[in-house]
Amino acid sequence: MTKTTPKFRREPAKQRKEALILAALDLISERGVRGATVRAIAERADVTQGLIRHHFSSKEELVSEAYVFHMSHMTNLTASLNVPEDAPAKVRLAAFVAAGLTPPVVDPSSVMLWASFLNKVREDAQMRDIHEQTYHDFRDRLEALIADALGEAEQPTTPQRLRHLAIACNAVIDGLWMEGGALPGAFEPGELPEIGLRSVGAIIGLELKNTGCQS
């Protein structure tokens, strides 16, 4: 008698849940949020629709968690600096900026995912809250690095000015990231991080160099 392999796999719950989120992200990048149906996600993850309902109360909850996962992953990739703990603050800031403007952070599929979620951010209050939370997470990390670099250079500043610097620098990084992912063939290798470092350096008044220490 031929045995069939059940779709349920005995994996840890956290691992199964993450697999569902990754399948949802794949489909959202290909078909948009509306095209990523529960049935299609189940087929992509090779599980039953019941398993999805076991982990998520609705498709909306799955989409929300997928958005958190994607945005947090991008921030964590940027912040995973391959620099010594005692590296100068300016070096750590430069590594953060450069990491945010090179692969795997700059990636066409990541930008497509971000764009696919935008309509939901506009329409759904919970998605707006997630967007605001993940935006502040990235900006706060950037602001802390800027504060350390300015302090190291003995350039006094105020909390309000730090906030404005972080907003401006974040906008530069976001804009270059979006264009780099949407038009990957339009830029020379290493061009985006160099532009980002010069621009962020000009905004905060410090010269930033690409040390090659990003993640």
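Refer to the preceding data block for the structure.
Below is a short write-up of the structure. The shown structure was predicted, so the numbers you read here are calculated from the model rather than taken from an experiment.

**Details of the nonpolar core**
- The biggest cluster of nonpolar side chains holds 57 residues, and the ones touching the most others in it are Ile41, Ile52, Leu93, Phe117 and Ile146.
- If near-sequence neighbours (up to four positions away) are discounted, isoleucine 146 is found in contact with Leu93, Leu162, Leu165, Ala166, Cys169 and Ile204.

**Thoughts on helix α1 (residues 13-35)**
- Over its 23 residues, α1 extends only 26 Å from the first C-alpha to the last, a length that falls short of the 33 Å expected when each residue adds 1.5 Å.
- The largest bend along α1 reaches roughly 95 degrees and is located at serine 29.
- Tucked into the core, α1 has its buried residues touching α2 (38-45), α3 (49-55), α4 (59-79) and α6 (108-123).

**Topic: α4**
- Across its 21 residues, α4 extends 30 Å between first and last C-alpha, which sits within 8% of the 30 Å expected from 1.5 Å per residue.
- Regarding α4, the residues found buried are Leu62, Val63, Ser64, Ala66, Tyr67, His70, Met71, Met74, Thr75 and Thr78.
- The inward-facing, buried residues of α4 abut α1, α2, α3, α5 (89-99), α6 and α7 (125-152).

**A word on the packing of α1 against α4**
- The interhelical angle for the contact between α1 and α4, taken along N-to-C directions, is 95 degrees, at an axis separation of 9 Å. As the angle between them shows, α1 and α4 are arranged roughly perpendicular. The segment α1 lies against α4, with Lys17, Glu18, Leu20, Ile21, Leu22, Ala24, Leu25, Val33 and Arg34 engaging Lys59, Leu62, Val63, Glu65, Ala66, Phe69 and His70.
- Residues of the contact of α1 with α4, tallied by class, amount to 10 nonpolar, one polar and five charged.

**Some details on the pattern of salt bridges**
- Per the stated rule, a full pass over the model turns up six salt bridges.
- For arginine 44, the salt bridge is made with glutamate 30, and the minimal N-O distance between the two is 3.1 Å. Of the two residues, arginine 44 sits in helix α2 while glutamate 30 sits in helix α1, which places them 14 residues apart along the sequence.
- A relative accessible area of 34% means that arginine 44 is categorised as partly exposed.
- Take glutamate 30: its relative accessible area is 52%, and that puts it in the exposed class.
- For aspartate 137, the salt bridge goes to arginine 141, with nearest N and O atoms at 3.2 Å. Of this pair, aspartate 137 and arginine 141 both sit in helix α7, four residues apart, which is roughly one turn of that helix.
- Residue class for aspartate 137 comes out partly exposed when judged on its relative accessible area of 30%.

**Looking at unusual backbone geometry**
- Across the junction of proline 103 and proline 104, the peptide omega takes the value 5 degrees, indicating a cis bond.
- Note that proline 104 resides in the loop between α5 and α6.
- Phi at aspartate 46 is positive, roughly 60 degrees, even though this residue is not glycine.
- Tracing the backbone through its elements, the reader meets aspartate 46 in the loop between α2 and α3.
- For aspartate 46, a relative accessible area of 38% gives the class partly exposed.
- Of note, the phi angle at glutamate 154 is positive, near 55 degrees, even though the residue is not glycine.
- Counting through the fold element by element, glutamate 154 comes out in the loop between α7 and α8 (159-182).

**Remarks on the packing of aromatic side chains**
- Following the criterion strictly, the structure yields three aromatic pairs and no others.
- Ring centres 5.9 Å apart and planes at 85 degrees place the aromatic pair tryptophan 114 and tryptophan 177 in the edge-to-face group. Of this pair, tryptophan 114 sits in helix α6 while tryptophan 177 sits in helix α8, placing them 63 residues apart in sequence.
- According to the relative accessible area criterion, tryptophan 177 is buried, its value standing at 11%.

Cut-offs applied
Residues numbered from 1 in each chain as written. Predicted model: local features only at pLDDT ≥ 70, side-chain atom pairs only at ≥ 80, totals over all residues. Heavy atoms only, no water. Core = buried A, V, L, I, M, F, W, Y, C linked by side-chain atoms within 4.5 Å. Buried < 20%, exposed > 50% of the residue type's maximum accessible area, 1.4 Å probe, protein only. Contact = heavy atoms within 4.5 Å. Helix = DSSP H or I, 4+ residues; strand = E, 2+ residues; numbered from the N terminus. Expected span 1.5 Å × (residues − 1). Bend = angle between axes of the 7 residues up to and from the residue. Axes fitted to C-alpha atoms, helices over the stretch in contact; angles between N-to-C directions. Parallel < 35°, antiparallel > 145°, perpendicular 65-115°, else oblique. Nonpolar A, V, L, I, M, F, W, Y, C, P; charged D, E, K, R; others polar. Salt bridge = Lys/Arg side-chain N within 4 Å of Asp/Glu carboxyl O. Phe/Tyr/Trp six-rings, centres within 6.5 Å; stacked < 30°, edge-to-face > 60°.

Functional significance is not addressed by these values, which are geometric in nature.
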